[in-house]
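A look at the structure
Here's the letter readout for the chains.
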Amino acid sequence: MNRIKRGWKKISEIDELMLIVALVVIIIIMSLMSEYFFTGKNLMNVLRQSSTTLIAATGMTLLLLVGEVDLSIGSLAAFSAVIMVDVMNMTQAILPAVLVAIGIGVGVGLFNAFVVTKFNIASLIVTLGVMTSVRGFAYIYTNAIAIQNTVDGFTVIGNGYVGPIPIPVIIAAVLFVLCYFLLKYTTFGRYIYASGDNKNAALASGINVNKIKTITFVLCSVFAVISGIILTARVNSGQPNLAQGFEFTVIAAVILGGTSLSGGQGTLIGTLVGVLILGVLDNGLVLNDVSSFWQDVVRGAVIILAVIIDTRRTQKREKISRRLVEQGAVSQ
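Looking up the protein in an unreviewed UniProt entry gives the name ABC transporter permease, with the organism given as Christensenella tenuis. The UniProt entry for the protein carries the following comment under Subcellular location (unreviewed entry): "Cell membrane".

Right under this line is the structure:
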């Protein structure tokens, strides 16, 4: 088993290196295509634009590692945002409204986890239904009209800076580092990998897999809400159509970064590189005046490519696992 784990780790390291090389190549290409790309201001803008994707992708990585997925994060970001702005306008206070939004995230995460674990229904189906319902609630609550924020200072969350660094980048970095530490250096992190890698073995080892899944569902939802808060602060209004298609961009970045749809395999470093690749592509296409329709085509192609890469990667791991098991059996 240790030989297999070492083999998987080696593959992951190679995949991450290849992703970094791909990111560097894309940056070089975009720099050659536009003189404005490789400037300090634009690169910082790429980081600021990518920060919300990274926050949600960090939570999604934790969830995919246990073998589950959440398609409702975009709708949740929108619904929690419109409620937050309405509460903010009524109380003229930012913190209580933000806490309400996070509370909504916790509630939706718990609901997703309960239905998935209690009734043993595929999370893809459950969260697809929640995605549609929650988006509908957002439109019902607002009558499909954006709610304008009236509280001063809220936009700082999305548009402010600490020195030269945008506040969203700082928030994303803090959450990323915390989750990186959680996955790499804690027992809970090992439980996440074990639950996604082999559920039966994890149960036999005494791991409460359903509890691990519940926590990761909640974290994924809360991180999506945080992304929604930042996006809302940028436009200074609660919009029911906020973050449409956001879930597909996030999932594409995570899968592109090496996290397997089947669970148990992936790293947050890979997710970070996947997010940056998509961020650089989006920014480069905008700078080169590429039509938004073609941008959608590129995003769709990236999603398909990410799934193909994940399938090939899984097949490669299974092949190496079988070979290592056979070699171990022969050596014994």
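There's plenty left to go through after this.
With that settled, the discussion passes to the overall build of the protein. Looking only at helices and strands, the protein features 13 helices and four strands. For a compact globule of 332 residues, the expected C-alpha radius of gyration is about 20 Å, and the protein comes in at 20 Å, within 12% of that figure. The C-alpha extent of the protein, read off along each of the three principal axes, is 70 × 50 × 35 Å. Taken over 332 residues, the protein has a buried fraction of 50%. A total of about 15,900 Å² of accessible surface is found on the protein, and carbon and sulfur atoms cover 67% of it.

Take helix H12 (residues 268–287) next. Here H12 spans 28 Å end to end across 20 residues, near enough to the 28 Å set by a 1.5 Å rise per residue. Among the 20 residues in H12, 15 count as buried, and that is most of the element. Its side-chain oxygen 3.1 Å from the backbone nitrogen of glycine 270, threonine 267 forms the N-cap of H12. Phi turns positive, to about 55°, at aspartate 289, one or two residues after H12.

Here we take up unusual backbone geometry. Of note in this structure, glutamine 92 is not a glycine but carries a positive phi near 55°. Mapped onto the elements of the fold, glutamine 92 is located in the loop between helix H3 (73–91) and helix H4 (94–119). A relative accessible area of 46% means that glutamine 92 is categorised as partly exposed. Positive phi is not limited to glycine here, since alanine 243 has a value of about 60°.

Core analysis: the largest hydrophobic core is formed by 89 residues, its most contacted members being Met60, Ile73, Met84, Ile192, Val250 and Ile277. Broken down by element, the residue count for this core peaks at 14 residues, all from helix H10 (residues 209–235). Here isoleucine 73 is in contact with Ala56, Met60, Cys220, Ala224, Phe246, Glu247 and Val250, once residues within four sequence places are set aside.

Here is what the cut-offs are and how they apply
Residues numbered from 1 in each chain as written. Predicted model: local features only at pLDDT ≥ 70, side-chain atom pairs only at ≥ 80, totals over all residues. Heavy atoms only, no water. UniProt positions renumbered as here; feature names shortened; annotations may be inferred. Helix = DSSP H or I, 4+ residues; strand = E, 2+ residues; numbered from the N terminus. Rg over C-alpha atoms; globule rule 2.2 N^0.38 Å. Buried < 20%, exposed > 50% of the residue type's maximum accessible area, 1.4 Å probe, protein only. Areas by Shrake-Rupley, 256 points an atom, 1.4 Å probe, with all protein chains shown as cover. Expected span 1.5 Å × (residues − 1). Polar contact = N/O pair within 3.5 Å; in protein donor to acceptor, adjacent residues only side chain to side chain. Core = buried A, V, L, I, M, F, W, Y, C linked by side-chain atoms within 4.5 Å. Contact = heavy atoms within 4.5 Å.

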